[in-house]
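So the chains spell out like this:
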Amino acid sequence: MKSPVRVAITGAAGQISYSLIFRIAAGDMLGPDQPVVLQLLEITPAMGALNGVVMELNDCAFPLVAGIVATDDPNVAFKDADFAILVGARPRGPGMERSDLLQANAAIFSVQGKAMNAHANRNIKVLIVGNPANTNALITLKNAPDLNPRNITSMMRLDHNRSLSQIAAKVGSHCTKVEKMVVWGNHSATQFPDISHATVDGKPVVDLVDNDWYVKEFIPVVQQRGAAIIKARGASSAASAASAAIDHMRSWALGSSGQWVSMGVYSAGNSYGIDEDIMYALPITCENGEWQEIKGLAVSDFARGMMTATEQELVSERDAIAHLL
Ligand SMILES: NC(=O)c1ccc[n+]([C@@H]2O[C@H](COP(=O)([O-])OP(=O)(O)OC[C@H]3O[C@@H](n4cnc5c(N)ncnc54)[C@H](O)[C@@H]3O)[C@@H](O)[C@H]2O)c1
Ligand SMILES: O=C(O)C[C@H](O)C(=O)O
């Protein structure tokens, strides 16, 4: 057995965490030989509910759980953390504009960025899930100047996985046969799920589907999938979001075995001419605990238009919270 690593999770009494924490505890994220200390953060009014989650975790008697910390203090939650998954965020309330949502979350993520900067392991791997995830990640990064910006990422893996499954269903294959999918940009309705490089069983997807399906069905379905789940379930995606967070962290920590994944990363130095001060999802491979951008992919005029639209949205989100950076 390895020595335990510390995994901080925020929003730990919420619905995503109710799936996420138990799967981490079962070894799905870091492997069956990696014990974990779970460091769970909630707001003070939710500490009772968090206590219930801790009771259930104890009742599972997970072999890999080496300790549990439940707290409403970010300085305690992030202490020596090796991994952090920031799920807790302020949801949009009635009458709230997108800019109000950005401001409310800016307050949360600046406090948490500062706490990680002060207390976390210097090599901490951070994933932001709480929406608006990319811009929350940018705020976190700006408030953690002593951490390597490469160690702060935002979640696009749910969009990536949704894309794999839509393509597999369309061509009558399995999602494990779909490779080289890329989702660019923001985790929002402007995201660009790009099939130009994708293959199924090695065959180009663009040869297997028609362009009308790609532009008029596939792209809008993936862009709007979060809203469709909310409509169907009466609540936003939770188990699938947790599963994507597990996939993101596992690929990053243990490697993606040459597979392409989509991750929201700090855009400095990107090879696609994207604004260099946003969190933008790029095509990525992971090896030895590091992510690498896949550089130099061909970009058609159509793709460039889509990549620019989602870039512009991220720039305007950054502008809306610029005074807080
Ligand atoms: N990036 C993605 O792909 C993706 C997918 C699905 C959902 N989401 C987002 O994830 C977030 C969480 O979703 P959920 O369904 O679990 O919501 P939820 O409301 O069930 O849980 C959120 C939890 O966060 C807690 N919280 C709020 N502020 C906090 C703070 N400052 N510190 C610690 N905890 C805090 C709340 O008390 C609550 O328990 C939402 O913002 C949602 O939009 C993102
Ligand atoms: O919470 C949402 O708005 C949707 C969520 O981000 C999702 O993609 O399922």
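Residues numbered from 1 in each chain as written. Chains lettered and ligands numbered in written order. Predicted model: local features only at pLDDT ≥ 70, side-chain atom pairs only at ≥ 80, totals over all residues. Heavy atoms only, no water.

### Quick look at the overall build of the protein chain
Counting its secondary structure elements, the protein chain contains 10 helices and 14 strands. Taking 20 Å as the expected radius of gyration for a compact globule of 325 residues, we find that the protein chain reaches 19 Å, a close match to that expectation. Principal-axis analysis of the C-alpha atoms places the extent of the protein chain at approximately 50 × 45 × 40 Å. When burial is assessed residue by residue, the protein chain has 52% of its 325 residues classed as buried. In the protein chain, 73% of the contacts between residues at least 6 apart in sequence involve partners at least 24 apart. When the accessible surface of the protein chain is summed, it comes to about 13600 Å², and 52% of that surface belongs to carbon and sulfur atoms. (Helix = DSSP H or I, 4+ residues; strand = E, 2+ residues; numbered from the N terminus. Rg over C-alpha atoms; globule rule 2.2 N^0.38 Å. Buried < 20%, exposed > 50% of the residue type's maximum accessible area, 1.4 Å probe, protein only. Contact = heavy atoms within 4.5 Å. Areas by Shrake-Rupley, 256 points an atom, 1.4 Å probe, with all protein chains shown as cover.)

### Some words on helix α10 (residues 301–320)
With 20 residues, α10 should cover 28 Å at 1.5 Å per step; its first-to-last C-alpha distance of 29 Å lies within 8% of that length. Among all positions of α10, only Ala-303, Met-306, Met-307, Thr-310, Glu-311, Glu-313, Leu-314, Val-315, Glu-317 and Arg-318 are buried. Among the structural elements, α4 (98–119), α5 (133–142), β8 (182–184), β9 (192–194), α7 (211–223) and β13 (279–287) are those in contact with the buried residues of α10. (Expected span 1.5 Å × (residues − 1).)

### What about the domain arrangement of the protein chain?
How big an interface is tends to be stated in terms of accessible area lost as the parts join. In terms of domain boundaries, the protein chain breaks down into domain 1 (5–154) and domain 2 (156–321). Between the C-alpha centres of domain 1 and domain 2 there is a distance of 23 Å. Contacts between domain 1 and domain 2 engage 36 residues on the former and 39 residues on the latter. A buried area of about 2900 Å², summed over both sides, lies between domain 1 and domain 2, and 62% of it is on carbon and sulfur atoms. If you sort the residues of domain 1 by the area they bury against domain 2, Lys-125, Asn-134 and Arg-150 come out on top, with a joint share of 22%. There are 2 salt bridges connecting domain 1 and domain 2. Asp-277 is the salt-bridge partner of Lys-142, the closest N and O atoms lying 2.7 Å from each other. Our enumeration of links across domain 1 and domain 2 arrives at 15 residue pairs in polar contact (both at pLDDT 80 or more). Looking at the side of domain 1 that touches domain 2, the elements that each hand over two or more residues are α1 (15–25), β4 (83–86), α4, β5 (125–128), α5 and β6 (152–155). (Domains from an automatic or database assignment. Buried area = accessible area lost by both parts, 1.4 Å probe. Salt bridge = Lys/Arg side-chain N within 4 Å of Asp/Glu carboxyl O. Polar contact = N/O pair within 3.5 Å; in protein donor to acceptor, adjacent residues only side chain to side chain.)

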